[in-house]
Amino acid sequence: MGAKFNTTSYRYPYEYLLLGLTILVVLLVIAFTAVATICGSALFIPIIVIMGYFSTKSKHHELLSHGQQVTEQTAPGLLHIIQENRIRLQVEPVNIFIVPSDQLNAYTFGMDSPKAIVLYASLFDIMDQDEIQFILGHEMGHVKLGHTWLNTLVGGMAGIPSSLGAAAIMEMAFRWWNRACEYSADRAGILACGKPNKAISALVKLEAGPSALTQAGLLDAMQHFEMDDGDILHNLEELMASHPMIAKRIDEIRNYSNTTAYHNLYAMMDQNLSG
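On a predicted model such as this, the values are computed, not experimentally measured, just so you know.

A. Summary view of the overall build of the protein chain. If you tally the helices and strands in the protein chain, you get twelve helices and four strands. Counting the 275 residues in the protein chain, one finds 44% classified as buried. Relative to all contacts within the protein chain whose residues are 6 or more apart in sequence, the contacts with residues 24 or more apart total 70%. Within the structure as shown, the protein chain displays about 13,600 Å² of accessible surface, and the carbon and sulfur contribution to it stands at 60%.

B. Summary view of the nonpolar core. The biggest cluster of nonpolar side chains holds 47 residues, and the ones touching the most others in it are Leu78, Leu89, Leu119, Phe134, Leu136 and Val204. If you tally residues by element for this core, the top one is helix α5 (residues 129–144), at six residues. Leave out the neighbours within four places in its chain, and Leu78 touches Val70, Ile98, Leu119, Phe124, Ile132 and Leu136. Leu19, Leu150, Trp177 and Tyr183 belong to the second largest nonpolar core, which has nine residues in total.

C. Layout of a nonpolar patch on the surface. On the surface, Tyr14, Leu17, Leu21, Leu24, Leu28 and Trp176 cluster together into a nonpolar patch covering about 590 Å² of accessible area. Counting residues per element, the nonpolar patch draws most heavily on helix α1 (residues 15–31), at four residues. Secondary-structure assignment places Tyr14 in the segment before α1. Residue class for Tyr14 comes out partly exposed when judged on its relative accessible area of 47%.

D. Broad picture of the sheet that holds strand β3 (residues 106–109). The strand order β1-β2-β4-β3 describes an open sheet built from four strands, whose pairing is mixed. Every interior strand has two partners, whereas the edge strands, β1 (68–69) and β3, have only one. By the bridge criterion, four bridges tie β3 to strand β4 (residues 115–120) in an arrangement that is antiparallel. When the bridges of β4 are listed, Tyr107 appears paired with Val118.

E. Quick look at the environment of Asp228. Tracing the chain through its elements places Asp228 in helix α9 (residues 215–229). Separated by 19 residues in sequence, Asp228 and Ala247 have C-alpha atoms that sit 7.9 Å apart.

F. Local environment of the packing of helix α3 (residues 76–89) against helix α12 (residues 260–274). Packing of α3 against α12 brings their axes to within 8 Å, and their N-to-C directions diverge by 120 degrees. With respect to α12, the axis of α3 lies oblique. Regarding α3 and α12, the two cross each other, and that crossing is right-handed. Packed against α3, whose contacting residues are Glu84, Ile87, Arg88 and Leu89, the element α12 presents Tyr266, Met269, Asp270, Asn272 and Leu273 at the interface. Tallied by class, residues from the contact of α3 with α12 come to five nonpolar, one polar and three charged.

Conventions adopted
- Residues numbered from 1 in each chain as written.
- Predicted model: local features only at pLDDT ≥ 70, side-chain atom pairs only at ≥ 80, totals over all residues.
- Heavy atoms only, no water.
- Helix = DSSP H or I, 4+ residues; strand = E, 2+ residues; numbered from the N terminus.
- Buried < 20%, exposed > 50% of the residue type's maximum accessible area, 1.4 Å probe, protein only.
- Contact = heavy atoms within 4.5 Å.
- Areas by Shrake-Rupley, 256 points an atom, 1.4 Å probe, with all protein chains shown as cover.
- Core = buried A, V, L, I, M, F, W, Y, C linked by side-chain atoms within 4.5 Å.
- Patch = residues over 30% accessible without salt bridge, like charges linked within 9 Å, V, L, I, M, F, W, Y side chains within 5 Å.
- Salt bridge = Lys/Arg side-chain N within 4 Å of Asp/Glu carboxyl O.
- Pairing = 2+ DSSP bridges.
- Axes fitted to C-alpha atoms, helices over the stretch in contact; angles between N-to-C directions.
- Parallel < 35°, antiparallel > 145°, perpendicular 65-115°, else oblique.
- Left-handed = near helix turned anticlockwise from the far one by under 90°.
- Nonpolar A, V, L, I, M, F, W, Y, C, P; charged D, E, K, R; others polar.

Worth remembering: the numbers are spatial, not functional.
Below is the structure:
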């Protein structure tokens, strides 16, 4: 029998707090706007959720026609990594698609099951197996922690028609929560691959591209990211960004991977995998 443990205990500690604050900010903004806006909001949120659902269905159909779904026949090596990640993180079944693109990106979407994880084909040109495992673990973390459907719901609330100032406040709160979700998903990624250094190199490569393929290039890129972290303008820009700055994500990965909680949870996941 596998070890029993809280499969989402790696969640970034402020994620729930920021989600609650985001919803509170949205509700307060609505409360201070006109009654007409309140009435409109009651209709707007369900419409956004319904639109998100059908958008997901449309994306699935588009991926099936343009992308390649990962199966035993199309990518047997990748399927092994996917299965290992699913067991480690105890994630529901997901569909994985590889999409032709020169961009370096991966993302997750879906409100119902199975959720979809999209990997851009260019990732396989510069990432090794451990880095791919981190990226897949990161995206599976979004699925396990409910970010995929919450993003549609909370994003719909933050998108309620309102004045420019109110809209900016709601969007800022929403992005604040988004960034916390990324920290949580990064933790899932390092629990999946078990190699924090590979998680860091994957993040750097995603941002810097092929220039980070060499050790010298990787170190140069990391130095550049650390300079951005100390820049006031970049920190202000981050307020409206969905992802934290790379330097901050790297720091969080290093901090979490040095905790007893990480090592204990990783060991229990290992037991489940071997059991």
